[in-house]
Amino acid sequence: MRNWDDLRIFLAVARAQKLAPAARLLGVDVTTVGRRLARLGEAMGAPLFETIGGERRLSETGQALLLHAETIETAVLAASEGDPHGSALSGHVRLSLAEGLATHVVAPGVARFRAAHPQLRLDLITASGFLNPSKREADIAVMLARPRNRQLRAARLADYRLQLYATDEYLDAHGVPGDAAALGEHALIGYVPEHIHAVELDYLSEIHDGLVARARSTSINVQHAMIRSGAGIGILPDFIARRDERLVAVLPGQVALGRTFWLVTHEDTHATPRIEAVTGWLREVVVGIG
């Protein structure tokens, strides 16, 4: 435990989740990485990782070590840059969030975040489903439902609204539906039902019984592209649709859905400087999306 270099290797594997990519990043061979991890695990008295699906996932011991290792990393990097007070944040934050929010709201604010924290590495994860902080898959998650887990801290990040949208060209060609029931006569665009990872995304069943999308995608950005091309009518968050001049609201006085983004962090790490830096920035970039 007195060897910082072993902790540096541990952090690289924890972030890459595989030995080979971590070894390439560190400029050493895989054998060296494996040997150093084994030595560190012996010093801790238990394995630091479990191999699941070809990936190295932190064990309970590894999770306990992670916070301390990142604290040491920040201090080492600050000292190497001549900052004895550690004011320059460093380290790595994995942020799991919805693709639409990431693309249209969060990504445009990354430049400002990078300017404020150039030494802090930020990953935006938009895979289907949300990575879970309780399993250490992510440091922060922006979720559609508030989790019920004592290991997690959840706070309301932002409320937002969704409406039906289409193009004028589509409505001129196919007519404007008079009510929600009439939507069944139109080409609807939505999610692939068997790939809906949160009930909050099942919009059509909430609007009217029996509505079925004829063009579907697991991606909200693809749905947006289909709607703006004139392929049909679909539900979009206002924070996406209002930026697109080609789109007009359909049944605006009759159909509107409300949803909430929840900011979720782990109880053990929510107050660390790197996590607070990212959550503070997120609260700034989502202002006005409702």
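Residues numbered from 1 in each chain as written. Predicted model: local features only at pLDDT ≥ 70, side-chain atom pairs only at ≥ 80, totals over all residues. Heavy atoms only, no water.

### A few points about helix 11 (residues 273-285)
Here helix 11 is 13 residues long and its end C-alpha atoms lie 18 Å apart, about the 18 Å a rise of 1.5 Å per residue gives. Every buried residue of helix 11 is listed here: Arg274, Ile275, Ala277, Val278, Thr279, Trp281, Leu282 and Val285. (Helix = DSSP H or I, 4+ residues; strand = E, 2+ residues; numbered from the N terminus. Expected span 1.5 Å × (residues − 1). Buried < 20%, exposed > 50% of the residue type's maximum accessible area, 1.4 Å probe, protein only.)

### Considerations on the side chain of Asp6
Here Asp6 shows up in helix 1 (residues 4-16). Exposure remark for Asp6: the relative accessible area of 6% places this residue in the buried category. Only 3.4 Å separates the side chain of Asp6 from the side chain of Arg36, close enough to count as a polar contact. Look past the residues within four positions of Asp6 in its chain and what remains in contact with it is Arg36, Arg39 and Leu40. (Polar contact = N/O pair within 3.5 Å; in protein donor to acceptor, adjacent residues only side chain to side chain. Contact = heavy atoms within 4.5 Å.)

### Concerning the packing of helix 2 (residues 19-26) against helix 3 (residues 30-44)
In the contact formed by helix 2 and helix 3, the axes pass within 9 Å of each other and the chain directions differ by 105°. As far as their axial angle goes, helix 3 and helix 2 are roughly perpendicular. On helix 3, the residues that touch Leu19, Ala20, Ala23 and Leu26 of helix 2 are Val30, Val33 and Leu37. Split into classes, the residues belonging to the contact of helix 2 with helix 3 amount to seven nonpolar, no polar and no charged. (Axes fitted to C-alpha atoms, helices over the stretch in contact; angles between N-to-C directions. Parallel < 35°, antiparallel > 145°, perpendicular 65-115°, else oblique. Nonpolar A, V, L, I, M, F, W, Y, C, P; charged D, E, K, R; others polar.)

### Some points on the confidence of the model for the protein chain
In the predicted model, the protein chain carries a mean pLDDT of 89, and 91% of its residues have values of at least 70. The low-confidence segment residues 81-86 (pLDDT under 50) makes five contacts with residues lying over four places distant or belonging to another chain. (pLDDT = per-residue confidence, 0-100.)

### Considering the packing of aromatic side chains
Scanning the model with the defined rule gives six aromatic pairs in all. Considering the side-chain rings of Tyr160 and Phe239, the 5.5 Å spacing of their centres and the 65° angle between planes classify their relative orientation as edge-to-face. Linking Tyr160 in strand 6 (residues 152-167) with Phe239 in helix 10 (residues 238-241), this pair joins segments that are 79 residues apart in sequence. Both residues of the pair, Tyr160 and Phe239, belong to the buried class. Judged by centre distance (6.1 Å) and plane angle (55°), the ring pair of Tyr191 and Tyr203 falls under tilted. Of this pair, Tyr191 sits in the loop between strand 7 (188-190) and helix 8 (203-207) while Tyr203 sits in helix 8; the two residues are twelve residues apart in sequence, bridging distant segments of the chain. Assigned by exposure class, Tyr191 and Tyr203 land together as buried. Among the aromatic side chains, those forming a connected cluster through ring pairs are Tyr160, Phe239 and Phe261. (Phe/Tyr/Trp six-rings, centres within 6.5 Å; stacked < 30°, edge-to-face > 60°.)

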